[in-house]
Amino acid sequence: NYMKSIKKLVLFYFSLLALLGCNKLDDGSYVEPITIYEKMQGNWNLMNLKMIDQFAKVNAIEPSEQNLSALFNYDTFQIEFNVDEKMKPTSYQVFGDVPPLFQLSGYWDLNTAYQSTGSQAIQIYLYSNDQKTDKTGTLLLTSVPGSNQEMELQLVRTSSGTPFVSYVFSLNSNN
């Protein structure tokens, strides 16, 4: 009686394995990973613009930071990053009557299409031509847009390789 129960249990187990083994697991179709270009595309409004005196900050001189958001018409600052149908970067343009801290229109690219696991900021290269050979500046993407639809860009001015002032643009999506 005990042996019949064991045989039935083993038979049931193998039957179950045969049935489960015949099913093909569907993991869905392949989708390209989301690039930073896709996250950056569109219109961005300025929430805050902060100027940081790097010399003062290093030497503990106060004030080392100044909020420029409501000064010089920066409250009207908007930037648009455009991409083509393949989600590759094309042009950018700054809107608003603001003093230019970098070229107000042109073309852009990133040093990497995907977010790295390291602590290095992603570099945004700005160009004056669509072949992207005449570089006009570099911005740092210090906070990548995510579910909160905010990003942070930084412009660093240097002299002989030493930073002396930086501008931090906190932006939110207008899409």
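Only a predicted model underlies this, so the values are computations on that prediction, with no experimental measurement involved.

Chemist: Break down the packing of aromatic side chains for me, citing the residues and quoting the values.
Modeler: Under the defined criterion, the tally for this structure stands at six aromatic pairs. Where Phe81 meets Trp108, the ring centres are 5.0 Å apart and the plane angle is 65°; that geometry is what we call edge-to-face. One end of the pair, Phe81, is in strand β3 (residues 78–83); the other, Trp108, is in strand β5 (residues 105–110), with 27 residues separating them in the sequence. Trp108 matches Phe81 in its accessibility class, with the two residues each being buried. With 6.5 Å between their ring centres and 45° between their planes, Tyr92 and Phe102 make a pair best called tilted. Residue Tyr92 is found in strand β4 (residues 89–95), and its partner Phe102 is found in the loop between β4 and β5; the two are separated by 10 residues along the sequence. Just as Tyr92 is buried, Phe102 falls in that class too.

Chemist: Summarise a nonpolar patch on the surface; cite the residues concerned and give the values.
Modeler: Where nonpolar side chains cluster on the molecular surface, the patch consists of Tyr2, Met3, Ile6, Val10, Tyr13, Phe14 and Leu17 and spans about 750 Å² of accessible area. With relative accessibility at 63%, the residue Tyr2 sits in the exposed group.

Conventions adopted
- Residues numbered from 1 in each chain as written.
- Predicted model: local features only at pLDDT ≥ 70, side-chain atom pairs only at ≥ 80, totals over all residues.
- Heavy atoms only, no water.
- Phe/Tyr/Trp six-rings, centres within 6.5 Å; stacked < 30°, edge-to-face > 60°.
- Helix = DSSP H or I, 4+ residues; strand = E, 2+ residues; numbered from the N terminus.
- Buried < 20%, exposed > 50% of the residue type's maximum accessible area, 1.4 Å probe, protein only.
- Patch = residues over 30% accessible without salt bridge, like charges linked within 9 Å, V, L, I, M, F, W, Y side chains within 5 Å.
- Areas by Shrake-Rupley, 256 points an atom, 1.4 Å probe, with all protein chains shown as cover.
- Salt bridge = Lys/Arg side-chain N within 4 Å of Asp/Glu carboxyl O.

By themselves, these observations are geometric and do not establish any function.
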